[in-house]
Amino acid sequence: MKTPLPRTPLIVLSLAWFLWLLAQWLVPWAVAVAALPAIASVWAVLAARRQSAERRPSRQPDPDVLARDVEEALACRGHILYRLDLRRRGYDYISPNVETLIGVSDTALLRDGGSAHVQSRIPPTDAEQIRRRIREALAKTPDGPCDVELEYRLRDTHGQTRWLRDSVRLVRDAAGRICHTTGAAIEITATKTAEQRARVTLRAIDDAVMATDASGRITLFNPGAVALTGRLENEALGQPLDTVLRFAPTIDNRPAALPVDTVLKTGTAMRSPESMKLITRAGQLIPVLDSTAPIQMSGDPTPVGAVIVLRDARASSESLRRLNESEARYRTLVESSPVGIFHFDREHRITFVNSRFSDILERRADQLVGLDLRSLADATVLPAVRAALEGHQGRYEGPYHDASSNRDIRLSIRTAPVFDAHGKVIGGVGIVEDYTAKYDAERKLRESETRYALAMRGTNEGLWDWNPLTMELFLSSRLMALLGEAAESLRTTSDAWLARMHPDDRDVYYLRMVAHLKGETQHFELEFRMATHDGSYRWFRSRGIAQRDDTGNAYRMVGSMGDITARKRAEMQLTNELAFSRTLVDSLPVGLCVARRDGALTLLNPYFGRLTGYTIDNLGALTVTDLIIPEDRPLIQQRLERAYDEGAAWAETQIESRDGRHLPVSFLARRVTLHDIDQLLCIATDISERKNAEQQMRNLNRELESRVADRTAQLAAAVKELETFSYSVSHDLRSPLRAIDGYARIIRDDYREAFTQEAHVLFERMLAAVSRMSDLIDDLLELSRVSRRPLNRTRIDLSTMANTVLTALAQSQPQRQVSTRIDPNLHVVADAKLLQIAVENLLGNAWKFTAKRTDPQIRLSRVQAKDETVFCVEDNGAGFDMRYADKLFGPFQRLHTDRDFEGTGIGLATVSRIIQRHGGRVWAESEVDKGARFYFTLGDIDN
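Below: a short report on this structure. Note that this is a predicted model, so its numbers are computed, not measured. (Residues numbered from 1 in each chain as written. Predicted model: local features only at pLDDT ≥ 70, side-chain atom pairs only at ≥ 80, totals over all residues. Heavy atoms only, no water.)

**Quick notes on the overall build of the chain**
Move 1: For the chain, the count of helices and strands is 29 helices and 34 strands.
Move 2: Within the chain, the fraction of its 943 residues that count as buried is 39%.
Move 3: Summing over all exposed atoms, the chain offers an accessible surface of approximately 54,700 Å²; the carbon and sulfur share of this is 53%. (Helix = DSSP H or I, 4+ residues; strand = E, 2+ residues; numbered from the N terminus. Buried < 20%, exposed > 50% of the residue type's maximum accessible area, 1.4 Å probe, protein only. Areas by Shrake-Rupley, 256 points an atom, 1.4 Å probe, with all protein chains shown as cover.)

Below, the structure is given as structure tokens:
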């Protein structure tokens, strides 16, 4: 008997969506299972789209089209375009919209070291992944520009993690070094989130879900598939589908298989005509129902893979029964829902409404079903309907005019799409709420609150009401709040009121009040200090007017009082600042004056007066240029005009005093606004001492240059003499050494029988000492050459150089078995011959000091320390005591005896000289009998 997969009706999907909004725990697993093929298809399409984008060939556009596209790309807010200069670690260009992402302006990013603002927001794991991808790309593209696609996370200004996809081009300079990068980054947070949600959804589904590529190999194998087939996920991924899924033959002995090939060829979804029996890994036969759908890219009908869903047929009948029961329960719930619900098809026609929807529109259900939503007189709800038919949720909140009843109501409408089994939108569902009554109530409340707020703002001052006959005084709640009291209002007496007043203000208050009561003033007004609840005094301004009877006597007085402490403090602060500013100007050790645009002086400080001999009485007859020597007046006039136009100007000139003396000054003019008029603040700083110092410096420089020339000539002569001496010493020392070595060998060989065995041992020691002396001379000469030899930097493969040195060491001692490991692609920019000497000494030391190990090991590696590249030569040899590490790199300094390890003590000194010549540094770490690690750098040259 054929048992097809149960299909969920449109109404059930819509009802389930609504109930998910009301109570997520009520939605049955059957709705999720019915949407399973669509979810799997979305997941597979996302993966296929990424693979397709990576395989898509690039094309060279027309130059005009390219220019237009670049112009549009620069204006695109969704992309971040940049060009990064690696030498100065700052951007040459970066899109301004990056500021909204990381909170740093593009100006800061364009400075030297500006890239650190972006790098600090990338997690360390992502930064390491970026470096690894770049190294791999550079290894594959040794020449020319190198392109690499990166995906990484970035923490934005709110601390949220954003995903970015960055297309980076690494550009080399003429020497083959990476000098800058260009790139375009786009945010893919939504895509990453969708992928994660799809993955979690697929793993939470009980049915078996699998996806294949175009060749039929498995790319997705969810836990449901693992449980159904008995095969692990890592065993199934990458395998052909027919090797993982095996089915028992049909009743007529025909082989059973999934229609994957047909789906990939035709691009249409299919399912087998009847249930098949799946053979699990344990050999068990399980009847299953299948559904196979193609994975297609947008606009491309050719499938890039397929999605297969297998369901255990044994539970299908029970699921269908439960689904029918759930549908009945949901239909009842929808009908009794307090919100309106309606369904519509792709033709915008209503296909279902519940009773609440009919009540909201005051029309029967048969009048609404079949109604074309596009025919509504008020089309404000149509955008939300169209959004659902386009595949995403829609929303509308606002007024709606019902033409049939001529009513104006306010609606809240939320819409969502309804998909079929193939993920195609077949209609939508909407939820409607009538909040007209709520809106009217809120509107009235807002109006009431607005009036209340306006009234409160209009009464910033507290009110008081005083009876001069009974001395009773009423204070309002606002006035109590100003005084820091918690009471709503207070009835007190005028005597108690005066007791809270500052003693210095009481007499004035009393006189002003009496004068108004007598009718001598039109109203009462006074500023005074009052004690607040905490005992501190605040300034208040009180105004009032008396109410009089027919005889003119005051029987009531009403007024207001406001806190003016802030204003009083500002006035006092302004007074103090003005006094301070005047004192500061008068005491400045520089000449200061203020001039109008025509040059007339309005201010001259005492110091300027002492420099020029003029006083403040001469201001009316002076201009700025009168204070300058005649030959510089055109220059200063031009600087004054520039200061008015640009805000500031500067020049060095001389001022002329009243008695004719000239004084060199630094003259600064800056535009300022005083009394609402643009004027110039001119500052003249005495630079006599600086001018004298400069002249003395020039004289001293000429003397120093002469001395340096003499010393250079003397040094050159000394160096040449030292070279001559070195070679002379080498020749003079070698001659007696060769004689000693030759005569010793003749005596040893010709008179072998005449000497005892002990004498022969002494002969061997003498010859060994001569050999060590010869080696010492060679090493000293080599150390001397290293210090004098000019650097010739080239790009060097350090890995190849190290392997060559180790091969030579192995050939010199073939009986030794040493484990060596050299990191690949170690490229540096250095002097090849000098670096060869340093590498030979470092690796030779490692080779020598591992001689007594049963498992000797030597390694050369590179480590990244902040912004510096460090190389490390490591061994597991004898090691040394770190207390004597400061002696390692000095000549003739040895930490082991000749009996243990031979050597002259010059090798590491030579290494230190070579590294220092390159601008780097060298250091070591070790423990006795636990090996040693020698670190070195090669300066700031890009390696």
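This is not the end of the story, as more comes after the structure.
**Re the pairing of strand β7 (residues 218-221)**
Move 1: Relative to β7, strand β6 (residues 208-213) runs antiparallel, the two sharing 3 bridges. Residue pairing for β7: Met210 is matched across the bridge by Phe221.
Move 2: Hairpin connection from β6 to β7: 4 residues lie between these consecutive antiparallel strands, with Gly216 at a positive phi of about 90 degrees. (Pairing = 2+ DSSP bridges.)

**Observations regarding the sheet that holds strand β26 (residues 662-674)**
Move 1: What the 5 strands build is an open sheet, ordered β24-β23-β27-β26-β25; its pairing is antiparallel. With partners counted over all chains shown, the strands left at the sheet margins are β24 (601-604) and β25 (648-656), one partner each. In this sheet, neighbouring strand axes are inclined to one another by 25 degrees on average, regardless of whether the strands run parallel or antiparallel.
Move 2: The pairing of strand β23 (residues 591-595) with strand β27 (residues 677-686) spans 5 bridges and is classified as antiparallel. Bridge pairing in β27 links Leu592 to Ile683.
Move 3: Its contacts with the sheet put helix α24 (residues 633-646) on β23, β25, β26 and β27, and the angle it makes with β25 is roughly 155 degrees. (Axes fitted to C-alpha atoms, helices over the stretch in contact; angles between N-to-C directions. Contact = heavy atoms within 4.5 Å.)

**A short note on the environment of Ala387**
Move 1: Looking at the element boundaries, Ala387 is found in helix α17 (residues 382-389).
Move 2: Considering only alpha carbons, one finds Ala387 and Thr415, 28 residues apart in sequence, at a separation of 7.7 Å.
Move 3: When near neighbours in sequence (up to four residues on either side) are disregarded, Ala387 contacts His392, Gln393 and Gly394.

**Focus on the sheet that holds strand β3 (residues 146-155)**
Move 1: If you walk across this open sheet you meet the 5 strands as β2-β1-β5-β4-β3, and the pairing is antiparallel. The sheet is open, and its two borders are formed by β2 (90-94) and β3, each paired with just one other strand. Strand-to-strand twist of the sheet, defined as the mean angle between neighbouring strand axes without regard to direction, takes the value 25 degrees.
Move 2: Both strand β1 (residues 79-85) and strand β5 (residues 178-187) contribute to a ladder of 7 bridges, which runs antiparallel. Note that in β5 the partner of Tyr82 across the bridge is Gly183.
Move 3: Packed onto the sheet, helix α8 (residues 124-140) meets β3, β4 (161-172) and β5 and runs at close to 180 degrees relative to β3.

**Overview of the nonpolar core**
Move 1: In this structure, Leu798, Val828, Leu835, Leu843, Phe934 and Phe936 are the most contacted members of the largest nonpolar core, which totals 39 residues.
Move 2: Broken down by secondary-structure element, the contributors of at least two residues to this core are α27 (798-812), β30 (827-831), α28 (832-849), β31 (857-865), β32 (868-875), α29 (907-917), β33 (922-926) and β34 (932-936).
Move 3: When residues in this core are grouped by element, the largest group, 9 residues, is from α28.
Move 4: Excluding residues within four positions of it along the chain, Phe936 makes contact with Leu798, Leu842, Thr869, Val870, Phe871, Val873, Ile915, Arg921 and Val922.
Move 5: Leu601, Leu604, Phe608 and Phe667 belong to the second-largest nonpolar core, a separate cluster that totals 27 residues. (Core = buried A, V, L, I, M, F, W, Y, C linked by side-chain atoms within 4.5 Å.)

Keep in mind these values describe shape, not function.
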